[in-house]
Amino acid sequence: MTKITFPVEASHIMMFARSIGDTNPAYQAGADSVAPPTFPQSVAQFDPDYYLRPKPGQPWFGSGKTASGVEGKAPSSGGLHAEQHFEYFRPLRPGDVLTVEYGPGKTWEKESKRAGKLTFRERVAEYRDQTGELVCRATLVGVTTERPVAQG
Amino acid sequence: MALKASDLKIGDTRTERVVENLTRTQLVQYAGASGDYNPLHTDEVYVTQVAGYPSVFAHGMLTMGLSGKVVTDWVGADRVRKYGVRFTNQVWPGDSLDTTVTVTAIRNEDGKTFADFSVSTVNQDGREVVSGSATALIDA
């Protein structure tokens, strides 16, 4: 599968830490910063084809003139995040240029009272630094629901 | 200063309020920083008229990030070696979240000392939104 090059940058770490409301000075130390534990997920910024980012000249499923820019899109499409697991072999730091590669994952189904048939898909990503050392392994479990999750 | 095994015992616990009255603007902020622009989290028109939810709701990864602060405040930002969660309920604008982190084990492995923690985040109604665990490298 595709390999993504993920340069870890101090300003990105600072912006990310702000967005999770974390004022820890370790995330605002310029070149001496470390990245917060959930930062590896922001590799999405460096995936040229990431499907949850609007791209110039292409229809986008969010609202514009109409409530969705893509007609006939099924409700709740895009899926939800069910689980996320990170394993770190060392912290990510500015100056790391990581190569991120996705391996195959399991798929399974489950019946739910709140959302109908659930289809789970696992995706495992390995983050390696310039020397080929494994820095982080991230396992995402996504779920597509048959209907929106009932509230209450 | 790094956390030592002698500073911890099983059952030690910390609870912090990790967000008070979550705003839609913070969801936009998280979308921009993380790169996840799913309109479910930022586009009230799409989410109410097309996706069938009562309002935008938080990225699971934002809730995981908010919760992780309680772990890193305790063990140090560079000491986390595992962090995993299940997203058990959605988080909505206006929610206030409290995260509780509890020591579940202190152990040696390959000559290193690790502490394991449970991580649980609940909303203002006491409903759990994130359930997980974390492992930190600590000093012997």
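Report on the accompanying structure. (Residues numbered from 1 in each chain as written. Chains lettered and ligands numbered in written order. Predicted model: local features only at pLDDT ≥ 70, side-chain atom pairs only at ≥ 80, totals over all residues. Heavy atoms only, no water.)

Considerations on the overall build of chain A
Note the following rule: Labels follow the DSSP assignment, with helices taken as runs of H or I lasting at least four residues and strands as runs of E lasting at least two, numbered in each case from the N terminus. Think of it in three bands: residues with accessible area under 20% of the maximum for their type are buried, residues over 50% are exposed, and the middle band is partly exposed, with areas taken using a 1.4 Å probe on protein chains only. Whether two residues are in contact is decided by their heavy atoms: any pair within 4.5 Å suffices. Charged residues are defined narrowly, with Lys and Arg counted positive, Asp and Glu counted negative, and His plus the chain ends left uncounted. The atom standing in for a charge is NZ when the residue is Lys, CZ when it is Arg, CG when it is Asp and CD when it is Glu.
A count of helices and strands for chain A gives one helix and six strands. Taken over 152 residues, chain A has a buried fraction of 47%. Sequence-distant contacts, at least 24 apart, represent 60% of the contacts inside chain A between residues at least 6 apart. Measuring between centres, the 18 positive side-chain charges of chain A sit 6 Å from its 17 negative side-chain charges.

Some thoughts on the interface of chain A and chain B
The condition that has to hold: We define buried area as the total accessible area lost by two parts upon association, computed with a 1.4 Å probe and summed across both. Nitrogen and oxygen atoms within 3.5 Å of one another constitute a polar contact, given that in protein one can donate a hydrogen and the other can accept it, and given that sequence-neighbouring residues count only through two side-chain atoms. Amino acid classes used here: Ala, Val, Leu, Ile, Met, Phe, Trp, Tyr, Cys and Pro are nonpolar; Asp, Glu, Lys and Arg are charged; the rest, including Gly, are polar.
In this complex, chain A contributes 49 residues to the contact, which on the side of chain B involves 45 residues. Broken down residue by residue, the surface that chain A buries against chain B is led by A:S19, A:I20 and A:Y88, which jointly contribute 13%. Viewed at the interface, chain B and chain A are joined by eleven residue pairs in polar contact (both at pLDDT 80 or more). Per-class residue counts for the side of chain A that touches chain B are 23 nonpolar, 19 polar and seven charged.

Some thoughts on helix 1 (residues 10–19) of chain A
Stated precisely, the cut-off is as follows: To be clear, the arc concerns the directions from the helix axis to the C-beta atoms.
Of all the positions in helix 1 of chain A, only A:H12, A:I13, A:F16, A:A17 and A:S19 are classed as buried. Projected down its long axis, helix 1 of chain A shows its buried positions confined to an angular sector of 160°, all on one face. Elements that come into contact with the buried residues of helix 1 of chain A comprise helix 1 (24–34) and helix 3 (60–75) of chain B. Positive backbone phi, at 65°, marks A:G21, one or two positions downstream of helix 1 of chain A.

Quick notes on the packing of helix 1 of chain B against helix 3 of chain B
Residues and elements named next belong to chain B. Selection criterion: Interaxial angle, 0 to 180 degrees, is taken between N-to-C directions of lines fitted to C-alpha atoms, where a helix line uses only the stretch in contact. Roughly parallel means an angle under 35 degrees; roughly antiparallel means over 145; roughly perpendicular covers 65 to 115; every other angle is labelled oblique.
The contact between helix 1 and helix 3 brings their axes to 10 Å, and the two run at 95°. Put simply, helix 1 runs roughly perpendicular to helix 3. Note on element contacts: helix 3 touches helix 1 through M61, L62 and L66, opposite Q26, L27 and Y30.

Points about the pairing of strand 4 (residues 112–122) of chain B
All names here are of chain B. Operational definition: The pairing criterion for strands is at least two bridges between them, as found by DSSP.
Bridge analysis of strand 3 (residues 97–109) against strand 4 gives eleven bridges, and the strand direction is antiparallel. By the bridge assignment for strand 4, R107 is matched with F114. Following strand 3, the chain reverses through two residues before pairing antiparallel with strand 4; D110 in that reversal takes a positive phi of roughly 50°. Between strand 4 and the antiparallel strand that follows it, strand 5 (residues 128–138), lie five residues; G126 among them carries a positive phi value of about 80°.

Describing the nonpolar core
As a rule of thumb, nonpolar side chains are buried together in soluble globular proteins. So the rule is basically this: We call a set of buried residues a nonpolar core when its members are Ala, Val, Leu, Ile, Met, Phe, Trp, Tyr or Cys and they connect through side-chain atoms within 4.5 Å of each other.
Among the nonpolar cores identified, the biggest contains 81 residues, and A:V100, A:Y127, B:Y53 and B:F117 are the most heavily contacted of them. The greatest single-element share of this core, amounting to eight residues, is contributed by helix 3 of chain B. If near-sequence neighbours (up to four positions away) are discounted, B:F117 is found in contact with B:L8, B:W74, B:V75, B:V101, B:T102, B:V103, B:T104, B:G132, B:S133, B:A134 and B:A136.

Quick look at the pattern of salt bridges
As a working rule, side chains carrying opposite charge can pair if their charged atoms are close by. We apply this condition: Salt bridge, as used here: a side-chain nitrogen of Lys or Arg that lies within 4 Å of a carboxyl oxygen of Asp or Glu.
Tallying each qualifying case throughout the model produces 15 salt bridges over all chains. Across the salt bridge formed by A:E126 and A:R137, the nearest N and O atoms sit 3.2 Å from each other. Residue A:E126 is found in strand 5 (residues 116–128), and its partner A:R137 is found in strand 6 (residues 134–145); the two are separated by eleven residues along the sequence. Of the charged contacts, one joins B:R79 and B:D139 as a salt bridge, the two residues approaching to 3.3 Å between their closest N and O atoms. Of the two residues, B:R79 is situated in the loop between helix 3 and strand 2 (80–87) and B:D139 in the segment after strand 5; the sequence distance between them amounts to 60 residues. A relative accessible area of 17% places B:R79 in the buried class. What emerges from the salt-bridge pattern is a single network uniting A:E87, A:E126, A:R128 and A:R137.

Re the packing of aromatic side chains
Stated precisely, the cut-off is as follows: Each Phe, Tyr or Trp ring, with Trp reduced to its six-membered ring, pairs with another whose centre is within 6.5 Å; inter-plane angles below 30 degrees give stacked pairs, above 60 give edge-to-face pairs, and intermediate values give tilted ones.
Per the counting criterion, the structure on display carries 13 aromatic pairs over all chains. Between A:W60 and A:F61 the ring centres are 4.9 Å apart and the planes differ by 50°, which places this aromatic pair in the tilted class. An aromatic cluster is built from A:F6, A:F16, A:F39, A:F46, A:Y127 and B:Y30, whose rings are joined through pairwise contacts.

Regarding unusual backbone geometry
All names here are of chain B. Of note in the backbone geometry, N21 takes a positive phi value of approximately 55° without being a glycine. The residue N21 is located in the loop between strand 1 (13–19) and helix 1 in this model. By relative accessible area, N21 is classed as partly exposed at 47%. In this structure, D110 takes a positive phi of about 50° despite not being glycine. Following the sequence through the fold, D110 ends up in the loop between strand 3 and strand 4. Residue D110 is classed as exposed on the basis of its relative accessible area of 74%.

Re helix 2 (residues 44–51) of chain B
All of the buried residues along helix 2 of chain B are B:Y46, B:V47, B:V50 and B:A51. Take helix 2 of chain B and look down its axis: the buried residues cluster within an arc of 105°, on one side only.

The values reported here are purely geometric and, on their own, carry no functional implication.
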